[in-house]
Amino acid sequence: MVMKNYPPQFKADAVALYESRPEATIRQVAADLGINPETLRNWVRAAGVSRPRGRRAEAPAEPPTPLEAENAALRKKVRELEEEREILRKAAKYFAGETRW
């Protein structure tokens, strides 16, 4: 098996992507980035990232209106997609042989 060396910025971006997507698993994020899930799991552990287990007990004081809820969901999705695009752009450069980040 060939050991790959990833730049620190790529590792940090991968961990940030995992943190920004609470509904995603390590396996899903690793597949999106084209890396081994165990590699990402090690980076997440090294960064000290942890997620609460089980369901959260907190409930919002007042439920948002349908329009507010939709806007919040769309804003979150835009943030996720922008971050994913940036990480994938950097990964494409890295795998194309351009080592400048």
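What comes next concerns the included structure. (Residues numbered from 1 in each chain as written. Predicted model: local features only at pLDDT ≥ 70, side-chain atom pairs only at ≥ 80, totals over all residues. Heavy atoms only, no water.)

## Examining helix α4 (residues 66-95)
Here is step 1: With 30 residues, α4 should reach 44 Å at 1.5 Å per residue; the first-to-last C-alpha distance of 43 Å fits that figure.
Here is step 2: Turning to α4, its buried residues are Glu80, Glu84, Ile87, Lys90 and Ala91.
Here is step 3: Contacts made by the buried residues of α4 are with α1 (8-20) and α2 (26-33).
Here is step 4: Just downstream of α4 lies Gly97, where phi reads positive at about 105°. (Helix = DSSP H or I, 4+ residues; strand = E, 2+ residues; numbered from the N terminus. Expected span 1.5 Å × (residues − 1). Buried < 20%, exposed > 50% of the residue type's maximum accessible area, 1.4 Å probe, protein only. Contact = heavy atoms within 4.5 Å.)

## Considering the nonpolar core
Here is step 1: Ranked by internal contacts, the top residues of the largest apolar core, which has 18 residues, are Val29, Leu33, Ile35, Leu40 and Trp43.
Here is step 2: Elements supplying a minimum of two residues to this core: α1, α2, α3 (37-47) and α4.
Here is step 3: With 5 residues, α1 is the single largest residue contributor to this core.
Here is step 4: For Trp43, the contacting residues outside a window of four places in its chain are Tyr6, Phe10, Lys11, Ala14, Val15 and Ile35. (Core = buried A, V, L, I, M, F, W, Y, C linked by side-chain atoms within 4.5 Å.)

## Things to note about the packing of aromatic side chains
Here is step 1: Evaluated as defined, the whole model comprises 6 aromatic pairs.
Here is step 2: Seen in terms of ring centroids, Tyr6 and Tyr94 are 6.1 Å apart; in terms of plane orientation they differ by 35°. Their pairing is tilted. Taken together, the residues Tyr6 in the segment before α1 and Tyr94 in helix α4 connect sequence positions 88 residues apart.
Here is step 3: On the basis of relative accessibility, which here comes to 13%, the residue Tyr6 falls in the buried class.
Here is step 4: Ring geometry for Phe10 and Tyr94: centres 6.5 Å apart, planes at 15°, overall stacked. Here Tyr94 lies in helix α4 and Phe10 lies in helix α1, a separation of 84 residues in the sequence.
Here is step 5: Phe10 gets classed as buried once you look at its relative accessible area, which sits at 1%. (Phe/Tyr/Trp six-rings, centres within 6.5 Å; stacked < 30°, edge-to-face > 60°.)

## Some details on the side chain of Glu84
Here is step 1: For Glu84, the location among the structural elements is in helix α4.
Here is step 2: Of the polar contacts made by the side chain of Glu84, one reaches the side chain of Arg21; its length is 3.2 Å.
Here is step 3: When sequence neighbours within four positions are dropped, the list of residues in contact with Glu84 reads Leu17 and Arg21. (Polar contact = N/O pair within 3.5 Å; in protein donor to acceptor, adjacent residues only side chain to side chain.)

## A look at α1
Along an α-helix, residues three or four positions apart point the same way, because every turn accommodates 3.6 residues.
Here is step 1: For α1, built from 13 residues, the straight-helix expectation of 18 Å at 1.5 Å per residue is met to within 8% by its first-to-last C-alpha distance of 18 Å.
Here is step 2: Taken together, the buried positions of α1 are Phe10, Asp13, Ala14, Val15, Leu17 and Tyr18.

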